[in-house]
Structures are given as structure tokens and as C-alpha cells.
Amino acid sequence: MKKLFVVLVAIAMIASLATAQLKQGAFGIQTGVLGGEDLFNNIGGKTLGVLYNVNQNTRVGFGIGFATVSPSVGSSTSDFQIGAGFDYYLNSADNLSTLVGAQIGYLTYSPGSGTSMNGVDIQAKVGAEYAFSSRFSIQAFIGLEYFNIGPNGAKYSVIRTLSGTALTFYF
């Protein structure tokens with residue numbers, strides 16, 4: 001078991017030395033970590049996004065997320081979101097890149113004791129991404145989010161800041 005661990009650590013270290021730029025035509029999977037929002041912010045749950053590198057500077061993606069909360073007392077709530085977005089990479093130094101991005105999504109929120117709400121979510125962000133290898137990177141960002149949500153005829157608008165971290169695994 002000890003030998004297997006040493007081999008896995010060695011493979012991870014070698015992989016982290018590879019060059020890291022967006023490889024045109026590469027696909028990836030992204031998910032949020034550390035309690036922030038990911039590429040496709042979800043009100044309550046984490047999303048799973050599929051990404052495609054259009055060229056060395058541009059990445060597009062599609063995300064889907066779902067969350068449900070069932071307390072021991074009271075009604076359960078759930079939310080669902082789908083979205084699409086892009087990241088544009090401004091410049092790179094070694095394995096670190098700066099980026100700007102935008103997303104748009106559709107979301108539904110269903111409080112157990114109330115009326116279901118749905119709406120549109122729009123985000124703009126700026127951030128950085130560090131590539132540990134050509135197959136794995138971590139992204140951190142801050143930005144602004146606007147969403148318009150509510151039951152039919154009684155929608156309200158929210159503008160708020162957002163921040164997050166996300167892990168990306170490339171094929």
C-alpha cells in the first residue's frame with residue numbers, strides 16, 4: 001500500500017510539471033468547491049459544467065445543477081438551474097492566467113411551503129486560473145450577478161456580488 005501511495009504521488013508531481021494553456025478542442029468538466037459558486041452559480045446547489053476550449057483564449061460551457069434540502073422539521077426546498085457561459089483568457093504567466101467571463105442561466109426555486117419561483121440569472125466575473133497540469137486546474141473569481149426571480153406576475157430583481165472557486169478536469 002505504501003508503494004502504491006508513493007507511485008501515485010510521483011505521477012501527480014510529474015503531471016503538475018506539464019505546460020498549461022487552453023488547448024484548442026479540449027473538453028473538460030468543472031465543479032465549484034470551497035463553498036463559493038462555480039462557473040454556473042446555483043442558489044443552493046453546486047453545478048456540474050461541461051467545457052469546450054474554442055481556442056487558446058476562449059472557453060465555452062454548459063452547466064446544470066440541482067439541490068434539495070429536507071429538514072427534520074418543516075418542508076423541503078429544492079432548486080434547479082441550467083446555464084451557458086464563456087471565459088476569455090487575457091494573459092498568462094507560467095501556469096497562471098487572468099480571465100473575464102459571463103454566464104446566463106434559467107433557474108427554478110421551490111420552497112416546500114410556498115409558491116415555486118423561476119427566473120433568469122446573468123453574471124459577469126473576473127478571475128485567475130492556475131493550471132497544475134494540462135489536465136487539471138483551479139479557478140478563483142469575483143463578480144456581479146443579476147437575477148430576476150419570483151412566482152408568475154410577482155418577480156423581484158436582485159443584484160449582488162459573487163465569488164467562487166472551481167476545479168476543472170480536462171480530457
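Coordinates for the structure precede this section.
Residues numbered from 1 in each chain as written. Predicted model: local features only at pLDDT ≥ 70, side-chain atom pairs only at ≥ 80, totals over all residues. Heavy atoms only, no water.

Student: Can you explain the overall build of the protein? Please cite residues and give values.
Tutor: What the protein contains, in helices and strands, is one helix and eight strands. Start at the N end of the protein and walk to the C end: the helices and strands fall as α-β-β-β-β-β-β-β-β. Considering only intrachain contacts with a sequence separation of at least 6, the fraction spanning at least 24 residues in the protein is 53%. Summing over all exposed atoms, the protein offers an accessible surface of approximately 9,700 Å²; the carbon and sulfur share of this is 67%. (Helix = DSSP H or I, 4+ residues; strand = E, 2+ residues; numbered from the N terminus. Contact = heavy atoms within 4.5 Å. Areas by Shrake-Rupley, 256 points an atom, 1.4 Å probe, with all protein chains shown as cover.)

Student: Before we move on, can you summarise the environment of Y52 with the specific residues and values?
Tutor: With respect to the secondary-structure elements, Y52 resides in strand β2 (residues 47-53). A sequence separation of 118 residues divides Y52 from Y170, and the C-alpha atoms of the two residues are 9.3 Å apart. Excluding its chain neighbours within four sequence positions, the residues that come into contact with Y52 are G25, A26, F27, T58, R59 and V60.

Student: Break down the packing of aromatic side chains for me, citing the residues and quoting the values.
Tutor: Across all of its chains, the model carries four aromatic pairs by this definition. Ring centres 4.9 Å apart and planes at 50° place the aromatic pair F27 and Y52 in the tilted group. Note that F27 is positioned in strand β1 (residues 27-33) and Y52 in strand β2, a separation of 25 residues in sequence. Judged by centre distance (5.2 Å) and plane angle (35°), the rings of F136 and F169 are tilted. One end of the pair, F136, is in strand β7 (residues 136-150); the other, F169, is in strand β8 (residues 156-170), and 33 residues separate them in sequence. Judged by relative accessible area, which is 41%, F169 ranks as partly exposed. Cluster of aromatic residues (ring-pair linked, three or more members): Y130, F132, F136 and F169. (Phe/Tyr/Trp six-rings, centres within 6.5 Å; stacked < 30°, edge-to-face > 60°. Buried < 20%, exposed > 50% of the residue type's maximum accessible area, 1.4 Å probe, protein only.)

Student: Summarise the side chain of S97; cite the residues concerned and give the values.
Tutor: Structurally, S97 is set in strand β5 (residues 96-110). Overall, S97 belongs to the buried group, its relative accessible area being 10%.

Student: I'd like a rundown of the pattern of salt bridges, residues and numbers included.
Tutor: Two side chains bearing opposite charge may form a pair once their charged atoms approach each other closely. The tally for this structure, following the rule as stated, stands at four salt bridges. With a closest N to O distance of 3.1 Å, R59 and D87 form a salt bridge. You can see R59 sitting in strand β3 (residues 58-69) and its partner D87 sitting in strand β4 (residues 77-93), a full 28 residues away along the chain. What makes D87 buried here is its relative accessible area of 0%. Salt-bridge contacts for E129 lead to R59; the nearest nitrogen and oxygen are separated by 3.1 Å. Of this pair, E129 sits in strand β6 (residues 117-133) while R59 sits in strand β3, placing them 70 residues apart in sequence. For the pair E129 and R59, one class covers both residues: buried. (Salt bridge = Lys/Arg side-chain N within 4 Å of Asp/Glu carboxyl O.)

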